[in-house]
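Residues per chain are reported as follows:
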Amino acid sequence: MITLSDVKVGKTYIVKKINGKGPIRRRIMDMGITKGVRIFIKKVAPLGDPVQMTLRGYELTLRRQDGRIIDVEEEIDE
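Scoring rules and cut-offs
Residues numbered from 1 in each chain as written. Predicted model: local features only at pLDDT ≥ 70, side-chain atom pairs only at ≥ 80, totals over all residues. Heavy atoms only, no water. Helix = DSSP H or I, 4+ residues; strand = E, 2+ residues; numbered from the N terminus. Buried < 20%, exposed > 50% of the residue type's maximum accessible area, 1.4 Å probe, protein only. Polar contact = N/O pair within 3.5 Å; in protein donor to acceptor, adjacent residues only side chain to side chain. Contact = heavy atoms within 4.5 Å.

## Considerations on the side chain of Ser5
Line of reasoning, step 1. With respect to the secondary-structure elements, Ser5 resides in the loop between strand 1 (2-3) and strand 2 (12-18).
Line of reasoning, step 2. With a relative accessible area of 10%, Ser5 lands in the buried category.
Line of reasoning, step 3. A polar contact of 2.9 Å, which involves the side chain of Ser5, links it to the side chain of Thr3.
Line of reasoning, step 4. The contact partners of Ser5, leaving out residues within four places of it in the chain, are Arg64, Gly67 and Arg68.

This is how it looks when you write it as structure tokens:
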């Protein structure tokens, strides 16, 4: 399992778990990042932070620091 801060551009990931507690966890969930949601990694800023992604039909930009608490698994195409 990897975290959202270790993802690669052009790949789709599925959220498995949000590890944070308190306000940071609530903020992440309020942005639409919940267990089971699919996240497509669109691009990464030149210095590696932040990461731009598409989920639930909208664009979201997230700092890698915040992505460290989100466990994801790469979606495998069959």
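Read on, since the account is not over.
## Notes on the environment of Ala45
Line of reasoning, step 1. Tracing the chain through its elements places Ala45 in the loop between strand 3 (38-44) and strand 4 (51-55).
Line of reasoning, step 2. Its relative accessible area of 23% is what places Ala45 among the partly exposed residues.
Line of reasoning, step 3. Taking C-alpha positions, Ala45 is 14 Å from Asp6, a pair spaced 39 residues apart along the chain.

Distances and angles like these do not, on their own, reveal function.
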